[in-house]
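# Inside the fold
These are the residues of each chain, in order.
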Amino acid sequence: MRAVILWRKQQLFPLACRCRSRTFVSDSTSKLQIFDRQRKRAQRDRAAWFTPAHDPLLHSVSQNLLDRLQDCKKTFPTALCLGGSLQPIISSLSIPPVNGGVEKLIVMDASYDMVQACRNTCRASSDNAVQTEFLVADEEFLPIKESSVDLVVSCLGLHWTNDLPGAMIQSRLALKPDGLFLAAILGGETLKELRIACTLAQMEREGGISPRVSPLAQVRDAGNLLTRAGFTLPGVDVDEYIVKYESALELIEHLRAMGETNALSQMNNILKRDTALATAAIYDSMFSSEDGTVPATFQVIYMTGWREHSSQQKAKRRGSATISFKDIQKQFGSQS
Amino acid sequence: MVRGSKEVLQKAAKTLSDILVCPLSKQPLRYCEESNSLISDAIGVAFPIKDGVPCLVPRDGKILEEEDVSKPENVANLSAVSEENQGRSA
């Protein structure tokens, strides 16, 4: 299931809606405003009340992300957790032996209700081995002092930022030298079934399409993003999760509970009942499997990067080698 | 309850204060007990602390009156406004 960065797949789906929103420039500033951050905040406020205590998708993504900490010999006394799926991250970072040595955890989200919900569950749990602080802030305007945290974790939150490279640069600056940046974002293959169903239904009922599923980063972009943000030793890998739902409507309910519904600043606010039902019907008829469930793909891109430090391994200067590869081949060739 | 939350708030403000900076200018913040907010002197904006949780989203900030900053509609475009002003004066 997992593929390395070299893995590439042709984009099969209509790019029209994506391109339209990408080229959108807001009236007042020249900055690209793809997402309505205020709307996203409101959606996350709502999600704070609807998120179930144990969401299997969020749980497995965060487990997978934090697995990377166990591969590091380094410990991370101060950690910053950016918005996204907070609860599973907090609960796994609060268990001392396997949390990468986190002693102080700063939890940040743009939604006050989300932060409050996390705080309540955190207070309810009896063990307080990890000192946890809460903060309401926007990833695009990170209020963290330079070189002050050892670890930045962002689980399924950064794909909603308008300025993803900017947000990543700010995270890098917040890190101490040799600090680790871990992020999981949704990739372009996510909800491809829904993308198709929405497009078809809108074409059929309304004679045109408007963006219903947000533009997402492609796998090939992720590596570039890490390099552009200035992280060293970048690593990217991809996982695809296929979640089965009883019906397409249940998928929408789940998206709403995760706070992952549409927040494009240019979106059409009106969704006709007719079109919505047509979308569900097309989804069911095109993608339903034999057992009557409908699948939805979630492509998660995991990104790892470090802030530069002199102790990190580096490639040697070109032409500095003293031994020819031919000699090495001879050496090993004669041994075998 | 009020006293409890105040203690929590002060504790949070103390432990976080060495890490937090103003989200827009990245300059240090000052804790104001009177208004229970974090103040960024560099841009003259106060960020509220709600129930011990500092709210540092630019939109939540309030522009302080005594500063001679012209009052824009929201704080999010504050940086853009100040850039404009600089552009005009230059």
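Structure report, in brief. Note that this is a predicted model, so its numbers are computed, not measured. (Residues numbered from 1 in each chain as written. Chains lettered and ligands numbered in written order. Predicted model: local features only at pLDDT ≥ 70, side-chain atom pairs only at ≥ 80, totals over all residues.)

### As for the overall build of chain A
Counting secondary structure elements, chain A contains eleven helices and seven strands. Across the 336 residues in chain A, those meeting the buried criterion constitute 40%. Taking as baseline every contact in chain A between residues at least 6 positions apart, the subset at least 24 positions apart corresponds to 84%. (Helix = DSSP H or I, 4+ residues; strand = E, 2+ residues; numbered from the N terminus. Buried ≥ 20, exposed ≤ 12 C-beta atoms within 10 Å, placed from the backbone. Contact = placed C-beta atoms within 7 Å.)

### Remarks on the overall build of chain B
Across its full length, chain B holds two helices and five strands. Seen in sequence order, chain B has helices and strands lined up from the N terminus as α-β-β-β-β-β-α. When each of the 90 residues of chain B is scored for burial, the buried share is 28%. Of the contacts made within chain B by residues no fewer than 6 positions apart, 23% connect residues no fewer than 24 positions apart.

### Focus: the interface of chain A and chain B
In this assembly, 18 residues from chain A lie in contact with 18 residues from chain B. Secondary-structure elements contributing two or more residues to the side of chain A that touches chain B are helix H5 (112-124) and strand S3 (131-136) of chain A. The greatest single-element share of the side of chain A that touches chain B, amounting to four residues, is contributed by S3 of chain A. Among the residues making up the side of chain A that touches chain B, the classes are represented as twelve nonpolar, three polar and three charged. (Nonpolar A, V, L, I, M, F, W, Y, C, P; charged D, E, K, R; others polar.)

### What about H5 of chain A?
All names here are of chain A. Under the 1.5 Å per step criterion, the end-to-end length of H5 is 18 Å for 13 residues, consistent within 8% with the ideal 18 Å. By the burial criterion, the buried members of H5 are Tyr112, Met114, Val115 and Cys118. For H5, the angular spread of the buried residues around the axis is 160 degrees, confining them to a single face. Residues of H5 that are exposed and point more than 90 degrees away from the buried face comprise Asn120, Arg123 and Ala124. (Expected span 1.5 Å × (residues − 1). Arc of directions from axis to C-beta.)

### Let's talk about the sheet that holds strand S7 (residues 294-306) of chain A
Residue and element names in this part refer to chain A. Spatially, the seven strands line up as an open sheet ordered S3-S2-S1-S4-S5-S7-S6, and their pairing is mixed. Each having just a single partner strand, S3 and strand S6 (232-245) make up the two edges of the open sheet. With direction set aside, neighbouring strand axes in the sheet form an average angle of 15 degrees. Of the pairings in the sheet, the one linking strand S1 (residues 78-82) to strand S4 (residues 149-155) comprises four bridges and is parallel in character. Across the sheet, the residue bridging to Leu80 is Val152, located in S4. Along the sheet face, helix H4 (residues 86-93) touches S1, strand S2 (104-109), S3 and S4 and points at about 180 degrees away from the line of S2. (Pairing = 2+ DSSP bridges. Axes fitted to C-alpha atoms, helices over the stretch in contact; angles between N-to-C directions.)

### As for the nonpolar core
Side chains of nonpolar character tend, in soluble globular proteins, to be buried together. Residue and element names in this part refer to chain A. Membership of the largest hydrophobic core comes to 79 residues, with the highest contact counts inside it found for Ala79, Leu80, Cys81, Val107, Leu135 and Val153. The residues contacting Val153, other than those within four sequence positions of it, are Leu65, Ala79, Cys81, Leu82, Ile89 and Leu182. Formed by eleven residues, the second largest nonpolar core is a distinct cluster that contains Leu191, Leu194, Ala201 and Ala296. (Core = buried A, V, L, I, M, F, W, Y, C linked by C-beta atoms within 7 Å.)

### Description of the pairing of S7 of chain A
Looking along a regular strand, one sees side chains alternate from face to face of the sheet. Residues and elements named next belong to chain A. Two strands pair when backbone bridges link them, and strand S5 (residues 175-186) and S7 are joined in this way by seven bridges, in the antiparallel orientation. For Leu182, the partnering residue across the bridge sits in S7 and is Thr304. Direction of pairing for S6 relative to S7: antiparallel, over a ladder of twelve bridges. Bridge pairing in S7 places Val236 opposite Met303.

The values are spatial; any link to function lies outside them.
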